[in-house]
Amino acid sequence: MSPESPRVAGVLLAGGRSRRMGGGDKALLTLHGETLLARVIARVKPQVQSLVLNANGDPARFAAFKLPVVPDSVPGFPGPLAGVLTGLEWALANAKDISWVASFPSDAPFLPRDLVARLAEAAQGADMACAASGGRRHPVAGLWPVALARGLRRAVVNEGLRKVEDWTGRFNVAVVDYPLAPFDPFFNANTPEDLAEAERILGFEEAKA
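Residues numbered from 1 in each chain as written. Predicted model: local features only at pLDDT ≥ 70, side-chain atom pairs only at ≥ 80, totals over all residues. Heavy atoms only, no water.

Student: Explain the pattern of salt bridges to me, and be specific about the residues and the numbers.
Tutor: Counted by the stated rule, this structure contains 7 salt bridges. Asp25 is the salt-bridge partner of Arg61, the closest N and O atoms lying 2.6 Å from each other. On the criterion of sequence distance, the pair formed by Arg61 in the loop between strand 4 (50–54) and strand 5 (69–70) and Asp25 in the loop between strand 1 (8–13) and strand 2 (30–31) is long-range, its members being 36 residues apart. Where Arg39 meets Glu34, a salt bridge forms, and the shortest distance between an N and an O atom there is 3.6 Å. For Glu34, a relative accessible area of 34% gives the class partly exposed. (Salt bridge = Lys/Arg side-chain N within 4 Å of Asp/Glu carboxyl O. Helix = DSSP H or I, 4+ residues; strand = E, 2+ residues; numbered from the N terminus. Buried < 20%, exposed > 50% of the residue type's maximum accessible area, 1.4 Å probe, protein only.)

Shown next, in the form of structure tokens:
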């Protein structure tokens, strides 16, 4: 990010139960010997000033990544919107100079390396920004103002809001659209079949490099 860019913290969303993958931590599954999480970190860490991992359960299993690990600040596995809230509240408590938080899915190993810069540019004049590919939005790959943390907590706790789109629908959201070719940069591994497809995409990307 350039010196003129806003200061952004990042939150890696890994708080789900990975049911379609058979349970466990799908972010710790491997592609060509490297975990999904490690691949995501390599792509997004240079884009932010600080990075935190949102994950529930024993944080020791993520010790090798040397990142702060914070569980959902709302109990009961309420979904990715609670992960966004957790990131905003972590930034409020631990990164006073941060005004924006970027959220990243931890099972998407091909995230764009210019994602935060493009989201930050698009968010000028908007309330927040999210990514898309081929016209399809990916609301969990987004840029959120820390100032909205209190309102988001009310929505999650008092209103029982769970879907990211239900919350973002209340705001002016800028959308950054990426092409689908040669592959979808927001491809995420939800099932064993998806993981096999990610292996194929990775082989294509490495051959191209």
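Student: Can you tell me about the pairing of strand 4, naming the residues and giving the values?
Tutor: Counting buried residues along strand 4, 4 of its 5 residues qualify, which places the element largely inside the surrounding structure. For strand 1 and strand 4, the ladder comprises 5 bridges, and the chain directions are parallel. Bridged to Ala9 within strand 4 is Ser50. Examined bridge by bridge, strand 4 and strand 5 share 2 bridges and lie parallel to one another. The residue of strand 5 that forms the bridge with Leu53 is Val69. (Pairing = 2+ DSSP bridges.)

Student: I'd love a proper account of the nonpolar core, names of residues and values included.
Tutor: Nonpolar side chains in soluble globular proteins generally cluster together in the buried interior. Core analysis: the largest hydrophobic core is formed by 35 residues, its most contacted members being Leu12, Leu37, Leu51, Phe104, Leu115 and Leu143. Looking at this core, the elements that each hand over two or more residues are strand 1, helix 1 (36–44), strand 4, strand 6 (100–105), helix 3 (115–123), strand 7 (128–133), strand 8 (136–145) and strand 9 (173–178). Apart from residues lying up to four places away in sequence, Phe104 is in contact with Gly10, Val11, Leu12, Leu13, Val44, Val48, Leu51, Leu111, Leu115, Val116 and Val140. Ranked by size, the runner-up nonpolar core spans 27 residues in total, among them Leu88, Cys130, Trp144 and Val164. (Core = buried A, V, L, I, M, F, W, Y, C linked by side-chain atoms within 4.5 Å. Contact = heavy atoms within 4.5 Å.)

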